[in-house]
Amino acid sequence: MKKTVFLYLLVAVIMGCQNDKDGKVTEGQGEMEAKIAQLLSQMTLEEKINELTQDAPANERLGIPFMKFGEGLHGLWYDGVTVYPQAIAVASTWDPEMVKKMAEQTAKEARALNITHLYSPNLDVISGDARYGRVEESYGEDPYLVSRMGVAFVQGAQGMGQEQFDENHVMATAKHFVGYPENRRGINGGFSDMSERRLREVFLPPFEAVIKEAQVGCIMPGHQDYNGIPCHMNSWLLNDLLRDELGFDGFIVSDNNDVGRLQTMHHITETRAEAALLGLQAGVDMDLVLGKPLDLYAYHPTVLLDTLEKNPKLVQYVDRATKRILRAKYKLGLFGSGSKEVKTDTVVSTKEHQAHAYEMAKKAIILLKNENELLPLDSSEISSLAVIGPNATQERPQKGTYSLLGGYSGLPPFYVSALEGIKNKVGDKITINYAKGCDLLSDSTEGFAEAIEAANKSDAVVLVVGGSRRTGGEGVDRSDLDLFGVQNQLVEAIHKTGKPTIVVLINGRPLTINYIAENIPSILETWYLGMHSGDAIADALFGDVNPGGKLTVSFPRNVGQIPVTYLERPDFIGSGKGLYKYSDKSPLFHFGHGLSYTTFEYGAPRLTASEIEADGTATISVEVTNTGAVAGDEVVQLYVRDDIATVGRYLKLLKGFERIHLKPGATKTVSFQLGFNELSILNAKMEKVVEPGTFTLYVGASSRSEDLKTTTLRVR
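Residues numbered from 1 in each chain as written. Predicted model: local features only at pLDDT ≥ 70, side-chain atom pairs only at ≥ 80, totals over all residues. Heavy atoms only, no water.

Peer 1: Would you mind going over the overall build of the chain in detail, with residue names and values included?
Peer 2: Broken down by element type, the chain carries 20 helices and 26 strands. Its C-alpha atoms give the chain a radius of gyration of 27 Å, near enough to 27 Å, the size a compact globule of 716 residues would have. Principal-axis analysis of the C-alpha atoms gives the chain an extent of 85 × 65 × 45 Å. In the chain, which comprises 716 residues, the proportion classed as buried is 61%. Accessible surface for the chain amounts to roughly 28100 Å². Of this, 49% is attributable to carbon and sulfur atoms. Counting 73 positive and 91 negative side-chain charges, the chain places the averaged centre of each group 2 Å from the other. (Helix = DSSP H or I, 4+ residues; strand = E, 2+ residues; numbered from the N terminus. Rg over C-alpha atoms; globule rule 2.2 N^0.38 Å. Buried < 20%, exposed > 50% of the residue type's maximum accessible area, 1.4 Å probe, protein only. Areas by Shrake-Rupley, 256 points an atom, 1.4 Å probe, with all protein chains shown as cover. Lys, Arg positive; Asp, Glu negative; His and termini not counted. Charge placed at Lys NZ, Arg CZ, Asp CG, Glu CD.)

Below, the structure is given as C-alpha cells:
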C-alpha cells in the first residue's frame, strides 16, 4: 500500500509542472494533485462511483467533503434570498458590470447557505424562436452579447486571480453545451440539427469566452444531440472541441437524468450500465439526478460495479471523473472546512443586495413605444389612475407556486407588485382604482365590467398584462405567442373607453402583441424584474427613472415568422424577393430597440484609419448628444459586416456596445476597437481569418437599419 501511495505521489509531483488534458496544473498545485492522487489510491471502486453524483455525501472514512449545489440564475433558488431580475431582463440592462456584481452577491449568499456549486449561467443563444419557454433564462439572440454577460457572471460568481473560489465565491456552471435552443419545434430539449458553421458562429462563442476569459469551473451539456450523437456521449464535442480545442479544464456535470436518457430517450443503449460507460468515456464526470430516484441513476454502484469488476480497463474513466470532482472540491476550499448548520428559514438577503436588485430592475425596463409622449405621467395633472390587469398584483410568492418572478426563482423576503409600487409612489395624491379584469389563465370576461368602470372614472389607465411561470419557462413551450386567455380582449375593451392607456408587460418571452403595438400609445416591457418589480415600474411610469433598457430578442408579428432574429443571411433575390406574399416579415420590435423620455442624436462615425493591414487595428468613434430635456441612458451599438468574403455571412453582427448616461445637452464620444476579433470570419476550412476587402461598420441605437450610421473600413 505504501509503495502504491508513493508512486501516486511521484506522478502527482511530475504533473505539477505539466499541462494535462484534465487541467492546467502549475508547480504550486503539485500539493493538491498529490493529495488527490493519494485519495484515489485509498478509495474503493464503490467509493469512487459514489463520488460521481451531484449530491454525493461526505466520505467520512477519507475526509472527502460534501459539495452542495444550487441554482443561481437570478439569485439562488432558495428561501430568504435576494431575487434579482430574470436573465432576459438582466441582459436588457446591457450592463455587464451590473451582472458581475449580481453574481458576486449571489455567491456570498450561496456560501452563507453552504452552497458552493451553481448551475448558472445559461449561455444559450436564442435562435429566434420565442415558442421555446426558456427564452426568459437567456441573455438573448446575439452571441457577442451573451458572451459579455456570461463572462461577467462567471467572473463575479467565481472571482478572479487570488479571489477565485475563495470563501466569498463559488463554482459556476455554463450551460447548455451546445446549441440547445436550436430545436425544430420550439420544444425544450427537442430535436435539433445544425451545421458545424452555425455551431461555431452562433452557439460556441459564449462558451469559448467564459473558458478563456473567466476560467469557468464546470460545463453542463444539453439534452439534445449534435450531428446525430447525443451531447452526453459525444466525445468530439466534449473532448476534442471543449477540452482540447477550447482548453476547458474543469469538470462536466450532466443535465438532469441525461446520462440515463442515452438509454430511455435516445435509445442508444439497451442498459443503463452501457449508457453510463458512454457518458464516462465522453468525459461526463458527474451524474445529475434530481430527487435521487434509484431507477434513473446511471453512475451508481448497483449499475456499474459488476461491469467494471469484469473489465478493469474501464476503471480509468471512473478515476478520471473522480479526480476532476476532487480537484473542484479542493479549489473551493472544502477539505477540512466543515459545514455550519443552516436553518431552513435563514434569511441571507441583505439591504445592499436588495438595493442592487432594485437598481438592476430600473435599468432593465424597456420603453417600446411612447406616442404623444404619454409617459412619464405627471402626478400634478392627474387625480385618478386605473390600474388594471391580471399581472398588476400578486401576493408574496410561496415556495412551489407560480409567480411573476420567473423560472428558477427563490423566495425573497418581500415582493413588490406593480399595484403596490404605484400606490407607494403616489400615496394619497392620486386615487388608485384597481380592477383585475381577468385571470391570466381564464377565458372568463366576467371581470371586464369592473375594469371598464375603473377606467371610465380615471384620468388614465395602467394596464398590466403578459405571462407568468405558468405560461412560460422550462417545460412551458407554446405553439402560439398571443397574450394568454382573454387578455387581448381586455386590452381592446379598455382601449375603447378612450382613456389614455399605458400597457405594462410582465412576461418572459417575446409576444405577438400586434393590437397593443398598433393601438396603445405607450408600452413598457419589464420582463420579470425581481423582488422590487413594482417599485421600478412605478419609477418608470412617473419619470423618476428614464427607461434605458434595450431588447436582446426580436419580437415577431406572427408565430408563422419564426425564427425571427436580426442574425439573418441574404434573402433570395429572384421572383420571390425574399418576402412573405401577404404579410410583413420584419420584426414587430427589433433587436436592440428601446426608446427614452429624451432624444439622442448620433454624429457621423469616425475612424482613426480608413485602411489597415489584416493584422492591424483601428478605432471607430461616434459622438452621441442628448438633445432632449431630461437626463437619460443610451446603449450605443456597433455592428460589422464583411462586404465581400469567401463564405456566406450574416448581414451584420454585434461587435461592441456601451451604455452611457447623458444629461440634457451633453455629448459623449463612444469608441470601439476594431481588430481580429471584430473583423474575422470562419473561412471554408473553419479557420478564423481576416480577409482583405471592405467592411461596413454600423453604429447606432438598434439593429434596425434606420437607426444606424455607417462608414467603411478597408483591409489590405
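Additional details are given in the paragraphs that follow.
Peer 1: Got a sec to walk through the environment of Leu39? Specific residues and values, please.
Peer 2: Mapped onto the secondary structure, Leu39 falls in helix H2 (residues 30-42). Each residue touching Leu39, except ones within four places of it in the same chain, is listed here: Leu62, Ile64, Leu326, Tyr330 and Phe335. (Contact = heavy atoms within 4.5 Å.)

Peer 1: If you had to explain the sheet that holds strand E6 (residues 218-221) to someone new, which residues and values would you point to?
Peer 2: Across the sheet, 3 strands lie side by side as E5-E6-E9; this open sheet has parallel pairing. Each edge of the open sheet carries a strand with a single partner, namely strand E5 (173-177) and strand E9 (251-252). Across 4 bridges, the pairing between E5 and E6 is parallel. The residue of E6 that forms the bridge with Lys175 is Met220. Contacts from helix H8 (residues 205-214) reach E5 and E6 within the one sheet, and its direction differs from that of E5 by about 155 degrees. (Pairing = 2+ DSSP bridges. Axes fitted to C-alpha atoms, helices over the stretch in contact; angles between N-to-C directions.)

Peer 1: Now, about the pairing of strand E10 (residues 366-370): what can you tell me, with residues and values included?
Peer 2: Successive residues of a regular strand alternate their side chains across the two faces of the sheet. The buried fraction of E10 amounts to 5 of the 5 residues, a majority that puts the element mostly inside the structure. Judged from the 4 bridges that link them, E10 and strand E15 (residues 522-525) form a sheet pairing that is antiparallel. Paired with Lys369 across the strands is Ile523, a residue of E15.

Peer 1: Summarise the pattern of salt bridges; cite the residues concerned and give the values.
Peer 2: Side chains that carry opposite charge are capable of pairing whenever their charged atoms lie near each other. Under the counting rule described, the total for this entry stands at 37 salt bridges. We note a salt bridge from Arg478 to Asp480, for which the minimum N-O separation is 2.8 Å. Its relative accessible area of 32% is what places Asp480 among the partly exposed residues. Between Arg641 and Asp643 there is a salt bridge, and its shortest N-O distance comes to 3.9 Å. Of the residues examined, Arg641 reaches a relative accessible area of 18% and is grouped as buried. The class for Asp643 is buried, based on a relative accessible area of 18%. Salt bridges linked by common partners bring Arg134, Glu137 and Glu474 together as one network. (Salt bridge = Lys/Arg side-chain N within 4 Å of Asp/Glu carboxyl O.)

Peer 1: Give a detailed account of the environment of Leu662, specifying residues and quantitative values.
Peer 2: Residue position: Leu662 is located in strand E21 (residues 653-662). In this structure, the C-alpha to C-alpha distance between Leu662 and Lys323, residues 339 residues apart in sequence, is 52 Å.

Peer 1: Which residues make up the side chain of His532, and what are the values?
Peer 2: Examined against the element boundaries, His532 turns out to sit in the loop between E15 and helix H19 (533-541). If we skip the residues at most four places from it in the chain, His532 touches Gln354, Tyr358, Phe414 and Val416.

Peer 1: Could you give an account of the sheet that holds strand E13 (residues 460-466), with specific residues and numbers?
Peer 2: For sheets, the rule is that strands pair by backbone hydrogen bonds, running either parallel or antiparallel. Judged by pairing direction, the sheet is mixed, and its 6 strands sit side by side in the order E10-E15-E14-E13-E11-E12 without closing on themselves. For this open sheet the edge positions go to E10 and strand E12 (431-435), each flanked by a neighbour on one side alone. For this sheet the average axis-to-axis angle between neighbouring strands, irrespective of direction, equals 20 degrees.

Peer 1: Quick one: what's the story with the nonpolar core, residue by residue and with numbers?
Peer 2: Tyr139, Phe177, Leu385, Ile388 and Leu541 are the most contacted members of the largest nonpolar core, which has 177 residues in total. The element that contributes the greatest number of residues to this core is helix H6 (residues 143-158), accounting for 8 residues. For Ile388, the residues in contact, after removing those within four places along its chain, are Ala435, Lys436, Ala451, Ala454, Ala455, Val461, Val462, Leu463, Val464, Leu490 and Ile494. One finds Tyr602, Phe695, Val699 and Val715 within the second-largest nonpolar core, a separate group that totals 23 residues. (Core = buried A, V, L, I, M, F, W, Y, C linked by side-chain atoms within 4.5 Å.)

Peer 1: If you had to explain the environment of Pro293 to someone new, which residues and values would you point to?
Peer 2: Following the sequence through the fold, Pro293 ends up in the loop between helix H11 (272-282) and helix H12 (301-310). When the C-alpha positions of Pro293 and Thr346 are compared, they lie 28 Å apart, and in sequence the two are 53 residues distant.

Peer 1: Could you give an account of the packing of helix H7 (residues 196-203) against H8, naming the residues involved and the relevant values?
Peer 2: Packing of H7 against H8 brings their axes to within 5 Å, and their N-to-C directions diverge by 55 degrees. Comparing the axis directions of H7 and H8 gives the class oblique. Residues Leu199, Arg200, Glu201, Val202 and Phe203 of H7 touch H8, and the partners they reach there are Pro205, Pro206 and Phe207. Its residues assigned to classes, the contact of H7 with H8 comprises 6 nonpolar, no polar and 2 charged. (Parallel < 35°, antiparallel > 145°, perpendicular 65-115°, else oblique. Nonpolar A, V, L, I, M, F, W, Y, C, P; charged D, E, K, R; others polar.)

Peer 1: Describe the packing of helix H15 (residues 418-426) against H19, and please don't skip the residues or the numbers.
Peer 2: Viewed as axis vectors pointing N to C, H15 and H19 meet at an angle of 55 degrees, and their least axial separation amounts to 7 Å. Classified by the interaxial angle, the pair formed by H15 and H19 is oblique. Considering the relative orientation of H15 and H19, their crossing is right-handed. Along the contact surface, H15 presents Ala418, Gly421, Ile422, Asn424 and Lys425, while H19 presents Gly534, Asp535, Ile537, Ala538, Asp539 and Leu541. Partitioned by chemical class, the residues of the contact of H15 with H19 number 5 nonpolar, 3 polar and 3 charged. (Left-handed = near helix turned anticlockwise from the far one by under 90°.)

Peer 1: Can you lay out the state of the cysteines for me, pointing to particular residues and giving the numbers?
Peer 2: In the structure shown here, the tally under the stated rule is 0 disulfides. Of the cysteine sulfurs around Cys218, a residue in no disulfide, the closest is that of Cys231, at 15 Å. For Cys218, a relative accessible area of 0% corresponds to the buried category. (Disulfide = S-S within 2.5 Å.)

Peer 1: I'd like a rundown of the packing of aromatic side chains, residues and numbers included.
Peer 2: Evaluation of the coordinates by the stated rule reveals 13 aromatic pairs. A centroid spacing of 3.8 Å and a plane angle of 15 degrees characterise the contact between Tyr330 and Phe335, whose relative ring orientation is stacked. One exposure class covers both Tyr330 and Phe335, and it is buried. Their ring planes at 50 degrees and their centres at 6.1 Å tell us that Trp527 and Phe555 sit as a pair that is tilted. Taken together, the residues Trp527 in the loop between E15 and H19 and Phe555 in the loop between H19 and strand E16 (600-602) connect sequence positions 28 residues apart. Comparing Trp527 with Phe555, the two get one shared label, buried. By way of ring pairs, the aromatic residues Trp94, Tyr144, Tyr566, Phe591, Tyr639 and Phe657 are connected into one cluster. The aromatic ring of Tyr358 is capped on one face by Lys362, whose charged end is 4.4 Å from the ring centroid. (Phe/Tyr/Trp six-rings, centres within 6.5 Å; stacked < 30°, edge-to-face > 60°. Lys NZ or Arg CZ within 6 Å of the ring centre and 35° of its normal.)

Peer 1: I'd like to hear about unusual backbone geometry, residue by residue, with values.
Peer 2: Here Lys175 and His176 are connected by a cis peptide whose omega angle stands at -5 degrees. Here His176 is to be found in strand E5. Look at the link from Phe177 to Val178: it is a cis peptide, with omega at 0 degrees. Following the sequence through the fold, Val178 ends up in the loop between E5 and H7. Although it is not a glycine, Trp94 adopts a positive phi angle of roughly 50 degrees. You can see Trp94 is positioned in the loop between helix H4 (87-92) and helix H5 (96-112). Despite not being glycine, Tyr408 has its phi angle at roughly 55 degrees, a positive value. Along the chain, the position of Tyr408 falls in the loop between strand E11 (384-388) and H15.

Fair warning: the whole summary comes from geometry, so function is off the table for now.
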